[in-house]
Amino acid sequence: MKAAHSVTDLVAAGLMTPAAGAAVAAVADRYAIALTPYLLETLENAAPGDPLYAQYVPSPEEAYTAPEEREDPIGDVARSPVKGIVHRYPDRVLLKPLHACAVYCRFCFRREMVGPGGEALSPDELDAALAYVRTHPEVWEVVVTGGDPLLLSPRRLSHIVRSLSDIPHVGVVRLHTRIPVADPARVTAELVEALKAPDLATWMAVHVNHANELTEEARGAIARLADAGIPLLGQTVLLKGINDDAATLETLFRGLVRNRIKPYYLHHPDLAAGTSHFRPSLAEGQALVKGLRGRVSGLCQPTYVLDIPGGHGKAPAAPGWVRPDGEDGYLAEDFTGATHRYRG
């Protein structure tokens, strides 16, 4: 089976009718489509209400851009001093070696920047990006993202990781990817070996939004990474109609921990164009996060975050559990909702 890159491919795969395809033609003209053969097989006989279907198959709602939505919702461009680098926080940078992905999520915050044949850094541009890191001794962590860096060949990945390991002040490389749950066969022993280098800690953040993504094949790919000693973090986007209830999140986070992935961030959806139908309110998100406290252990609790538009970084978006009570005390709320006075 071949990958799907168009409405015609989706119709041929039985994921939408010709009439439904016609209804999303304008969406497909603007935003990239891609589903791997693995996902096409996984989604066989799936309908629009399926939590994986909704993440990857375009819908007519994407044609609407809400007034508050932006082409660059988290301000990457404003914080990019060199092509391929985003320097938003003092001690870490993003390194974006390519703008292509194996799959294109319908809610993606970089959906205006990524696509088939997405521009990759040329050798000279990559050298310039690495030189930026080398000449900024405050940079301790490099987050390799894009696009999906695991689309790169093991040889190119190894070059990036080993180049970073040669920079004395860089201690951590963190790769952000969807590949283990979107194209798990790509996670080969050769690829895993390419992620490691001397004197450098390699971490990986795996983007997973629903427990149904943790198939046998995905669990195998995750195990290959974990067994190689690569610490794994989970990134999840809170999505209306997909995972915006406590039971679904509980099942997901327990599934991640069971597979040796620590839930790291639960992202409030960014203000990307054409994504308003995915976005719950912040109040709804806060209520969900509060409902998980006490319901699952600390291992299963990610930080709920809002990426402030304009390039100002992430802010914790959870409800306040401890609040001032007079001049010398606080009220602390436990997971049952009871409040307790605290002075100290």
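Definitions and cut-offs
Residues numbered from 1 in each chain as written. Predicted model: local features only at pLDDT ≥ 70, side-chain atom pairs only at ≥ 80, totals over all residues. Heavy atoms only, no water. UniProt positions renumbered as here; feature names shortened; annotations may be inferred. Helix = DSSP H or I, 4+ residues; strand = E, 2+ residues; numbered from the N terminus. Buried < 20%, exposed > 50% of the residue type's maximum accessible area, 1.4 Å probe, protein only. Pairing = 2+ DSSP bridges. Axes fitted to C-alpha atoms, helices over the stretch in contact; angles between N-to-C directions. Contact = heavy atoms within 4.5 Å. Right-handed = clockwise from strand over helix to strand, strands pointing away. Polar contact = N/O pair within 3.5 Å; in protein donor to acceptor, adjacent residues only side chain to side chain. Parallel < 35°, antiparallel > 145°, perpendicular 65-115°, else oblique. Left-handed = near helix turned anticlockwise from the far one by under 90°. Nonpolar A, V, L, I, M, F, W, Y, C, P; charged D, E, K, R; others polar.

Topic: the UniProt feature "signal peptide" (unreviewed entry) in the protein chain
Here is step 1: Residues given the UniProt feature "signal peptide" (unreviewed entry) here are residues 1-22.
Here is step 2: The span residues 1-22 is 50% helical and 0% strand by assignment, and the distance between its end C-alpha atoms comes to 23 Å.

Description of unusual backbone geometry
Here is step 1: Of note, the amide linkage connecting Gly146 to Gly147 takes the cis form, showing an omega dihedral of 20°.
Here is step 2: Note on placement: Gly147 falls in the loop between strand E3 (141-144) and helix H7 (154-165).
Here is step 3: In this structure, Asn45 is a non-glycine residue whose phi angle is positive, near 70°.
Here is step 4: Mapped onto the fold, Asn45 is located in the loop between helix H4 (37-42) and helix H5 (53-56).
Here is step 5: Taking the relative accessible area as the measure of exposure, Asn45 reaches 74% and is therefore exposed.

Examining the sheet that holds strand E7 (residues 261-267)
Here is step 1: Ordered by their spatial adjacency, 9 strands build an open sheet running E1-E2-E3-E4-E5-E6-E7-E8-E9, and the pairing between neighbours is mixed. Strands with a single pairing partner mark the edges of an open sheet, and in this sheet they are strand E1 (85-89) and strand E9 (314-316). Taking the axes of each pair of neighbouring strands and ignoring which way they run, one obtains an average angle of 30° across the sheet.
Here is step 2: Summarising the sheet, strand E8 (residues 303-307) and E9 pair through 3 bridges and their orientation is antiparallel. The residue bridging Val305 from the neighbouring strand is Pro316, located in E9.
Here is step 3: Where helix H12 (residues 282-292) meets the sheet, it contacts E7 and E8, and its direction lies at approximately 165° from that of E8.

Some words on the pairing of E8
Here is step 1: In the sheet, E7 pairs with E8 via 3 bridges, with the strands oriented parallel. Of the residues in E8, the one forming a bridge with Leu266 is Tyr304.
Here is step 2: Each parallel crossover has a hand, and the one from E7 via H12 to E8 is right-handed.
Here is step 3: From the end of E8 to the start of E9, which pair antiparallel, there are 6 residues, and Gly310 there has a positive phi angle of about 100°.

Topic: the sheet that holds strand E10 (residues 322-324)
Here is step 1: With antiparallel pairing, the 3 strands of this open sheet are ordered in space as E10-E11-E12. The two strands at the open ends of the sheet, each matched to only one other strand, are E10 and strand E12 (339-342). Ignoring strand direction, the axes of neighbouring strands in this sheet form an average angle of 30°.
Here is step 2: Here strand E11 (residues 330-333) pairs with E12 via 4 bridges, running antiparallel. Residue pairing for E12: Tyr330 is matched across the bridge by Tyr342.

Notes on the environment of Arg111
Here is step 1: Within the secondary structure, Arg111 is located in the loop between strand E2 (92-95) and helix H6 (123-134).
Here is step 2: With 12 residues separating them in the primary sequence, Arg111 and His99 have C-alpha atoms 9.8 Å apart.
Here is step 3: Leaving out residues up to four positions away in the same chain, Arg111 has contacts with Tyr31, Glu62, Arg106, Ala272, Ala273, Gly274 and Thr275.
Here is step 4: Within the local environment of Arg111, its side chain forms a polar contact with the backbone oxygen of Arg106, the two atoms lying 3.0 Å apart.

Observations concerning the packing of H6 against H7
Here is step 1: At a minimum axis separation of 10 Å, H6 and H7 run at an interaxial angle of 25°. Relative to H7, H6 is oriented roughly parallel. Judged by the sense of rotation from one axis to the other, the crossing of H6 with H7 is right-handed. For the pair H6 and H7, contact is made by Leu126, Leu130 and Val133 and by His159, Ile160, Ser163 and Leu164, respectively.
Here is step 2: Within the contact of H6 with H7, the residues separate by chemical class into 5 nonpolar, 2 polar and no charged.

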